[in-house]
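Observations on the model geometry
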Amino acid sequence: MQLIRCDDLDTDYGPGFEADLDAVVREIERATRASVELEGEGRAVRFAHAKAYGLMRAEVEVLPVEDPRYAQGLFASAGRYRALVRYSNGLGHLGPDTRLGTACGMAIKLFGVQGPSLSDEPDAGTMDYNLINHPVFFANTARDYISIARLFNELPDGPRDPSRRAKWFHDFVTRDGSLPWERWLWDELFALTGSVGKPMPHLLHTAFWSMGAVRHGDYVAKVRVTPSTVHPEAPLPPIDASTAHPVRDALISDANAADHSFDLQVQLCTDLQTTPVENTSVPWPERLSPFVTVARVNIPAQDVSAADNPARAEALSFTPWRTPAEHQPVGQIQTVRRRVYERSSALRHRLNHQARTEPTSPDDVLG
């Protein structure tokens, strides 16, 4: 299997990139400030993943891998890392799950990682994964994200309101009317609409993806965390969607009932046409490059029902750029996420009068 190496990537995004990136950050900072009043809780919330479902203790176990192309960076040798897992809704709003929809996130924070991080806290000794229960993303360039960020903040009401629906979709696919028809953002729109309409998820029985690409040592990869086949799981009870917070209710029940295990897998980039880095809105075909397990995420049975558990999750910061250089995010939209995550996190903590300090262990957060 021929593989793309990191040196093969073009990282020149053009002379207008920095100006476009600044415009994206301004829009997200505007929405973050507005959320203090709009979300009705007197505090700033995340631009995405505002509603936390739960924060859990975990362990990431790096497994032996025979193929040296997969045994890269953190996964070059076996090891165990204490970790935290945060589950959340994907939107930047609070409220009942039936209104917010079923796009959800799984963020993982590893502790005791050696070497400097690429984040603005280089010596923290932590590494983050930011994953979604959908394999593709809905934006690919800073220029597109200028308008898409505003439209994303109007979810879920924009497309649901008959009086706004047509204009919302028009503005999305045409970048506020600025694109000729042959450049309309169909891949991005299909990526967004494909993430909705799913049943209420049992989060501990759900797969999550990185969507964007990252370095995997010498190579380029995407990441998936999927329920492990090593430990068969009990049949899932139906989720009672009549309650206000059924996803959190199911998470509490499932977390109490049993240990859970996930395979952490990587899929290597084989060709920039069929496994593109700059178009995160299309999946990489598994027939060309399979997902290979390099680690296991073990979540022991635990009680996450405490009323302050989601609030403890809210005080944390997760970013795909809190990582060693061997696993650096790559591609234009991943570069956008670096500035967005760092600036919005700093602003949110400042507005909420919270110290933005990276913990040194799960005990710092959960006691």
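Quick summary incoming for the structure in this document.

1. What about empty space enclosed by the protein?
With the rule as written, the count across this model stands at three cavities of 30 Å³ or more. Considered as a void within the structure, the largest cavity measures approximately 110 Å³ in volume. Lining the largest cavity are 13 residues, and of these Asp-128, Tyr-129, Asn-130, Val-214 and Pro-320 lie nearest its centre. Elements supplying a minimum of two residues to the lining of the largest cavity: strand 4 (126-132) and helix 9 (332-351). With five residues, the top contributor of residues to the lining of the largest cavity is strand 4. Its residues assigned to classes, the lining of the largest cavity shows six nonpolar, five polar and two charged. Approximately 50 Å³ is the volume attributed to the second largest cavity.

2. Topic: the environment of Asp-123
Counting through the fold element by element, Asp-123 comes out in the loop between strand 3 (104-111) and strand 4. Note on Asp-123: relative accessible area 74%, which makes it exposed. A sequence separation of 119 residues divides Asp-123 from Ile-4, and the C-alpha atoms of the two residues are 30 Å apart.

3. Quick look at the pairing of strand 2 (residues 79-89)
Most of strand 2 is tucked away, with eight of its 11 residues classed as buried. Where strand 1 (residues 52-62) lies against strand 2, 10 bridges are found, and the strand directions are antiparallel. Across the sheet, residue Val-60 finds its bridge partner in strand 2, namely Tyr-81. One ladder, built from seven bridges, connects strand 2 with strand 3; its direction is antiparallel.

The rules we used
- Residues numbered from 1 in each chain as written.
- Predicted model: local features only at pLDDT ≥ 70, side-chain atom pairs only at ≥ 80, totals over all residues.
- Heavy atoms only, no water.
- 1 Å grid on protein atoms, 1.4 Å probe; cavity = no way out; pocket = protein on both sides within 12 Å on 5 of 7 lines; lining within 4 Å.
- Points joined across faces, edges and corners; volume = space filled by probe spheres on them.
- Helix = DSSP H or I, 4+ residues; strand = E, 2+ residues; numbered from the N terminus.
- Nonpolar A, V, L, I, M, F, W, Y, C, P; charged D, E, K, R; others polar.
- Buried < 20%, exposed > 50% of the residue type's maximum accessible area, 1.4 Å probe, protein only.
- Pairing = 2+ DSSP bridges.

Purely spatial values, then, with no claim about function.
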